Amino acid sequence: MSIEVLWFVIVVLMFAVFVVLDGFVLGTGIIYLFVARTDAERRLVLEAIGPVWKGNEVWLVAGGGLLFLAFPKAFAAGFSGLYLALILVLWLLIMRGLSIALRSHLQNPLWRAFWDAIFAVASLLLAIGFGAALGNVIRGVPLTADGYFFTAFWTTFAPGLEPGILDWFTVLVGVLTAVILTVHGANYLTIKTDAAVRSRASQIADAGVWLVVPLAIVAILVLPFVQPALRHSYDAHPAGYVLPLITAVALITAQYFRRRRRDGATFFSWSLFILGMLGSVAWGLFPNLLIATRDPAYSLTIYNTAAPLYGLRVGLVWFSIGISLVIAYTILVYRGFRGKVERVPVEEGHE
Amino acid sequence: MESALFYDRLQFATTVIFHYLFPQLTMGLAVLIFYLKSRAYWTHDAHYNDAARFWTKIFALSFAFGVVTGIPMEFQFGTNWAKFSTFAGGVIGQTLAMEGVFSFFLESTFLGVLLFGEKKFGPFVHWTAALMLFLGSWLSGLFIIATNAWMQHPVAYAVDQDGAVHVTSLWGLLTNPWLVWQFTHTMTAAVATGSFVMAAVGAYYLLSGTHTDSAKTFLRTGVVAGAIASTLLLFPTGHGAALQVFEHQPIKGAAFEGHFHTESGVDLLIVGQPNMETLTIDNPLIVPQMLSFIIHKHFGAEIKGLSEFPRDQWPDTMPLLYYTYHIMVGLGMIFIPLMLTAVALLWQGRLFQARWMLWTIMLIAPFPYIATTAGWMTAELGRQPWLIYGLFRTADGASPLVSSGNVLFTLLGFLGLYLLLGLLFLFLFFETVSRGPTVTGGPRSTSAPMY
Ligand code: HDD
Ligand code: HEM
Ligand code: HEM
C-alpha cells in the first residue's frame, strides 16, 4: 500500500468518525424540539451531549487539517470551488455551537426559546448541507485544466457538465443524510435519557428507519446514472463489495437489536451502518478526491494532489502518536461520563 | 479580480482579529486557572476552588466563541487563499494539522471534564484537567504561531518541480528561530490580557462592595501576573521581536518606526504623523539617537531607511502600520509602571483601599486587547507585500475563481454575524460577572453546572 493510499484512508476515516460522532449531535438537534417539550427535558437532552459535542466537532477541524497536509491541492480546489456552501456551513456551525453553549445561560424563557429554535434549524440545515457536500463529491465538479473550479448554488438543478452545488441528486443525498442522522441522534438519546424523552426518541428512531430504507434504495439506483465512475472502481476491485455488504448487515442487526430494545447495540450497529456507507462511497471514488465533470483528465486524485514524500512520512509518524493519545483519553472520558445523565437539582440547575 | 483580492484580505483580517480576541483571554486564563486549581489542590483551601470555578465559567464562555470563530479561520485557507494553500500546503499543512490533532482534542475533551466532571472524577483528575487545558491551549498557540512564523521567516523548505514548496525538516519548522520571540511575546501578551481582566473583575467587586473575599484573590493574582507579563512584554520578548525584525525584515522595521532615510544616530520617534508626500514625519517628538542604541547598542549606528528600498517592496499601508506599532508599544509603556505601582500598593497592603487605583485597574482591561490587535496588525501589515516573506506575494495567493461579488457577500455576512457575536459575548460576560462567584466551600453538589 503506497503512502498516498494510507493517507487517503486516514483522511476518510477522520471525516467518517466526524460524521458518526457529530452525527448524533446533529441528529439530537433535529429532533430536539419534538422529543424534549419542557425546559427540564431540554436541559436533560443538552446535558446528554454537553460534555462531548465540542470534542466531536474537532474531528472535522482535524480532518480538514490532515486533508490540507496530505492533499493540499484537493483542499484548495475543493474548498474554493464550493466557496458559498462552505461559508454557509461555517455560519451554521457558529450558530449551532453557540446555541448549545449559551442556551441555558439565562433563565429568560424567550432567550431559551430563541436558542432552542436556532439549535434545531441549524442542525437540520447542517445535516442536509454536509450530505449535499458529499453528494457533490460523488457527482463530480466542473474542474478546469488548472485544477480549480467554482460552482454556484444552483444552475439547472440537474447533474451535468456545469452542475450547481444543489441539484436533485445532491439534495437527495442531503435529505438521506438528515434522515440517517435523525435516527442516529434518536438512538443516542434512547441510551442517554429515560422516561418521556426516551420513549419519544425511540419512537422517532423506529419510524425513521422506514424512511431511510426507501431513500437509500432510490439513491443507490440513480447512482450509476449520476456517476458511473463509482461502478467502474468496484468492477476493477471487487473486494470492495464487502463494504456495502457490511452496511446492509449493520442495517439488519440494528433492526434486530432495536426490536429487543438493546439500546447500546442498536446505536453501535447504526454507527457501523453509517461508516459502511461512507466506506462504500470512498471505495467507489478511489483514487479520485474530486471527479471532474468536463474531462476525466482534470480529476484530482490522491496521486496528482499529494504533498511530497517527506511531509507524508513525517506526518504519519506524529499522527500515529497524536491520534493514539486522543483515542486513549477520549475513551477514558467517555467512560467517566457513561450512563444516563443525572437530573440537576432545581435550585442549582440554572447557571 | 483585483477587488476580490481586496475583499479576501479584508475578510481574513477581520475574521482573524475577531477570532483572536477570544483565544488571548482563554490562553491567559488557562495559566491562572491552573494556578488557582493547584493552590486549591495542595492547600485544600476551597476558596481557591471557588475562584477557579468562577474563572472556568468565563473561560468556557470565551472558549465557545474562540472555537466557533476559529473554524472559519482554518477553512478560509482553502476557500479564499486557494493559490496560497496549493503553494504552501506542503509546509503549513503540517502545523495546522498538528494543531488539530495535538491541541484542539485536548482542550475540548478536558474542558468537558473541568466543567462537568468535578464530582464524577474527583479532585486529582480535576486538577489534571486544568493542566491539560493549559497545555492544550498553549500548544494551540504554538502551532499556529509556528505557521505564522514560517510566513514571516520561511525556513526548512524546498521548491518542488511544479513550483510549490514543501517542508524538508519538521524539526526545522518547529524550531524556526523566528518562533522563539514571536511565541514568547504572544503568550506573554495573552497572560497580560487574562490577568488584566481578572484584576479588573476583582476591582469591580471591591469598588461595588460585593464578593469582597473573591475580589481580593482575583486582584492579588491578576496584579502580580499582570506586572510580570507587562515587564516581560517589553524585555526581553518585545525587544527580541524588534531586533529580529530589523535583522530579517529591515523594510518592515523602518516602516513601523517611521524611519524614511538612511542615517547614523537614528532618533527614536515617540509620536508624529508620517507624511507620505514628503517622506517625513510631521510634529515629531523624539528621543535623540535612541533607536540606533536600541537596535545596535551604539548611539551612532547606521540604520537603513525606507527610501533605501524599491517602493514595490514597501508595505502598502505604511502609515497604518506605523500607528499600530506605536499604539502597541505606547500601551506597553503605560502598562508597566501602572502594574508595578499596583504591586507596590499590594505589597504595602494598601491596594484594596486605593480607590483611584482600583478604578484604573477596572478601566484598563480593554487595552491589552487593543495592544494585541495592534501588534498583530504590525506583524501582518508589515509582512506585505509578501504573503510568505520574500517568497510569495499576497497578490498571487487568492482563490482564482472566487469572484469579488461572492467574497463581498460573505464578508458582509461575517461582519453582521460577528457584530452580533461581539455584543452577545459582552452581554454574557457582564451577566456572568454580575452574578459573581458562588461560594460553596467544597466540590459542588452536582456534576452538571452548565445546562
Ligand atoms: C498586550 C499586548 C502587547 C504589548 C503590551 C506589547 N506587544 Fe508587541 N506584540 C503583541 C502584543 C503586545 C502581539 C499581539 O502578541 C504581537 C503580534 C504578532 C506577534 O508575534 O506578537 C506583537 C508583535 C510585536 C512586534 C512585531 C513582530 C513582527 O513583526 O513579527 C514587535 C517588534 C513588538 N511586538 C515589540 C513590542 C515592544 C517593543 C513592546 C513594548 C512594550 C510591545 N511589543 C508591547
Ligand atoms: C498565527 C496565525 C496567522 C496566520 C497563519 C495568518 C495568515 C494571514 C493571511 C493568509 C493573511 C491574508 C493575506 C495577506 O494579506 O497577507 C493575513 C492577513 C492579515 N492578518 Fe494574519 N495570520 C495569522 C494571525 C493573525 C492574527 C492573530 C491577526 C490579528 C489579530 C492577524 C492580522 C492580520 C491582518 C490585519 C491581515 C491583513 C493584512 C493585509 O491585508 O494587509 N493575523 N494573515
Ligand atoms: C489564521 C490563523 C488561525 C487559525 C487558522 C486558527 C484556527 C482555529 C480553529 C480551527 C479553532 C477551533 C478549534 C476547535 O474546534 O476546538 C481555533 C481555536 C483556538 N485558536 Fe485559533 N486560529 C488562528 C489564529 C490563532 C492565534 C494567532 C492563536 C493564538 C496565538 C490561536 C489560538 C487558539 C486557541 C487557544 C483556540 C481554542 C479556543 C479558544 O481558546 O478560544 N488561534 N483556532
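Everything here concerns the structure above.
Owing to the predicted nature of the structure, the values given are computational and were not obtained by experimental measurement.

Draft legend 1. Molecular detail of the coordination of the iron atom of ligand 1. Residue and element names in this part refer to chain B. Protein-derived ligands of the iron atom of ligand 1 are His-185 (NE2) and Met-328 (SD), with the metal-ligand distances lying across 2.1 to 2.3 Å. Around the iron atom of ligand 1 sit six donor atoms; with metal-centred angles ranging over 81 to 180°, the donor geometry is octahedral. In this pair, His-185 is assigned in helix α6 (residues 177-208) and Met-328 in helix α10 (residues 318-347), connecting sequence segments 143 residues apart. In this structure, His-185 and Met-328 share a single accessibility class: buried.

Draft legend 2. Geometry of a nonpolar patch on the surface. A cluster of nonpolar side chains, Val242(A), Ile246(A), Leu272(A) and Leu275(A), forms an exposed patch at the surface whose accessible area comes to about 290 Å². Tracing the backbone through its elements, the reader meets Leu275(A) in helix α11 (residues 263-285).

Draft legend 3. View of the environment of Lys304(B). Residues and elements named next belong to chain B. Along the chain, Lys-304 falls in the loop between β6 (302-303) and α10. Residue Lys-304 is classed as partly exposed on the basis of its relative accessible area of 42%. On a C-alpha basis, the gap between Lys-304 and Ile-251 in space is 8.3 Å, while along the polypeptide they are 53 residues apart. Once residues within four sequence positions are removed from consideration, Lys-304 is found in contact with Ala-254, His-259, Thr-262 and Phe-309.

Draft legend 4. Structural view of the interface of chain A and chain B. Residue-level contacts link 69 residues of chain A with 79 residues of chain B. Of the roughly 6,700 Å² buried at the junction of chain A and chain B (both faces included), carbon and sulfur atoms supply 74%. Across the contact surface, chain A and chain B share one salt bridge. With a shortest N-O distance of 3.1 Å, Lys73(A) and Asp162(B) are connected by a salt bridge. Remark: the boundary between chain A and chain B carries 11 residue pairs in polar contact (both at pLDDT 80 or more). Secondary structure elements with two or more residues in the side of chain A that touches chain B: α2 (39-49), α3 (53-70), α4 (72-81), α5 (83-102), α6 (109-139), α13 (309-336) and α14 (346-349) of chain A. Here the residues of the side of chain A that touches chain B sort into 46 nonpolar, 14 polar and nine charged.

Draft legend 5. Just the pairing of strand β5 (residues 280-287) of chain B, in detail. Residues and elements named next belong to chain B. Pairing of strand β4 (residues 268-275) with β5 involves six bridges; the strand directions are antiparallel. In the strand pairing of β5, Val-271 is matched with Leu-285. With antiparallel pairing between neighbouring strands as the criterion, β4 and β5 make up a hairpin whose turn holds four residues, including Leu-279 at a positive phi of roughly 55°.

Draft legend 6. Here's a closer look at the packing of helix α1 (residues 3-35) of chain A against α3(A). Residue and element names in this part refer to chain A. Look at α1 against α3: their axes get within 8 Å of each other, and the N-to-C directions meet at 160°. Classed by the angle they form, the pair α1 and α3 counts as roughly antiparallel. When you trace α1 past α3, the crossing you get is left-handed. Contacts between α1 and α3 involve Trp-7, Ile-10, Val-11, Met-14, Phe-15, Val-17, Phe-18, Leu-21, Asp-22, Phe-24 and Val-25 on the former and, on the latter, Trp-53, Asn-56, Glu-57, Trp-59, Leu-60, Ala-62, Gly-63, Gly-64, Leu-66, Leu-67, Leu-69 and Ala-70. Within the contact of α1 with α3, the residues separate by chemical class into 18 nonpolar, three polar and two charged.

Here is what the cut-offs are and how they apply
Residues numbered from 1 in each chain as written. Chains lettered and ligands numbered in written order. Predicted model: local features only at pLDDT ≥ 70, side-chain atom pairs only at ≥ 80, totals over all residues. Heavy atoms only, no water. Donors = N, O, S within 2.8 Å, 3.2 Å for Na, K, Ca; no water. Tetrahedral: all angles 85-135°; square planar, octahedral: opposite > 155°, others 65-115°. Helix = DSSP H or I, 4+ residues; strand = E, 2+ residues; numbered from the N terminus. Buried < 20%, exposed > 50% of the residue type's maximum accessible area, 1.4 Å probe, protein only. Patch = residues over 30% accessible without salt bridge, like charges linked within 9 Å, V, L, I, M, F, W, Y side chains within 5 Å. Areas by Shrake-Rupley, 256 points an atom, 1.4 Å probe, with all protein chains shown as cover. Salt bridge = Lys/Arg side-chain N within 4 Å of Asp/Glu carboxyl O. Contact = heavy atoms within 4.5 Å. Buried area = accessible area lost by both parts, 1.4 Å probe. Polar contact = N/O pair within 3.5 Å; in protein donor to acceptor, adjacent residues only side chain to side chain. Nonpolar A, V, L, I, M, F, W, Y, C, P; charged D, E, K, R; others polar. Pairing = 2+ DSSP bridges. Axes fitted to C-alpha atoms, helices over the stretch in contact; angles between N-to-C directions. Parallel < 35°, antiparallel > 145°, perpendicular 65-115°, else oblique. Left-handed = near helix turned anticlockwise from the far one by under 90°.

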